[in-house]
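# Residue-level structure breakdown
Residues per chain are reported as follows:
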Amino acid sequence: MIEINNNTWIIPNHLDAFTVPKISKKYTKQPPSDKEWILDFSKCTKVDCAGLAMVIDCIKHAKKTKTHLKLIKLSNDALSLAKAHGVKEIISKYIGQAN
């Protein structure tokens, strides 16, 4: 399950059709409250279309709430999937480095 440390959410080993619903439940119950929100993919080994959709939803939420979102350590495979679905440019704007 997702691990939350302050404003950093550490994504589990898979962000897919099986884990996204569980994460989404927690996300709606505990949305980020800080003005900075980090999604850390360092433990994530697989992202499928459902996971990609969740990332896009997080981007939409961040824009709506004027929260600075940073995606760190997103895999090349996830970026390739984003490119195949035409959203790599959107996601790339949020890719950052860990502090």
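A brief structural summary.

## Some thoughts on the nonpolar core
- If you look at the biggest cluster of nonpolar residues, it comprises 29 residues, and the most contacted ones within it are Leu15, Trp37, Leu39, Phe41, Leu69, Leu71 and Ile91.
- Elements with a contribution of two residues or more to this core: helix H1 (20–29), strand E4 (36–40), helix H2 (49–65), strand E6 (68–72) and helix H3 (76–84).
- The element contributing the most residues to this core is H2, with 7 residues.
- Leave out the neighbours within four places in its chain, and Phe41 touches Ile11, Leu15, Val55, Leu71, Ile72, Lys73 and Leu74.

## Remarks on the pattern of salt bridges
- One pass over the structure, following the stated rule, counts 2 salt bridges.
- For Lys43, the salt bridge is made with Glu3, and the minimal N-O distance between the two is 3.5 Å. Within this pair, whereas Lys43 is found in the loop between E4 and strand E5 (46–47), its partner Glu3 is found in strand E1 (residues 3–5), the two being separated by 40 residues in sequence.
- Its salt-bridge partner being Asp16, residue Lys46 comes within 3.9 Å of it at the nearest N-O pair. Separated by 30 residues along the polypeptide, Lys46 in strand E5 and Asp16 in the loop between strand E3 (14–15) and H1 bring together distant segments of the chain.
- A relative accessible area of 40% means that Lys46 is categorised as partly exposed.
- What makes Asp16 buried here is its relative accessible area of 6%.

Here is what the cut-offs are and how they apply
Residues numbered from 1 in each chain as written. Predicted model: local features only at pLDDT ≥ 70, side-chain atom pairs only at ≥ 80, totals over all residues. Heavy atoms only, no water. Core = buried A, V, L, I, M, F, W, Y, C linked by side-chain atoms within 4.5 Å. Buried < 20%, exposed > 50% of the residue type's maximum accessible area, 1.4 Å probe, protein only. Helix = DSSP H or I, 4+ residues; strand = E, 2+ residues; numbered from the N terminus. Contact = heavy atoms within 4.5 Å. Salt bridge = Lys/Arg side-chain N within 4 Å of Asp/Glu carboxyl O.

These values are about where atoms sit, not about what they do.
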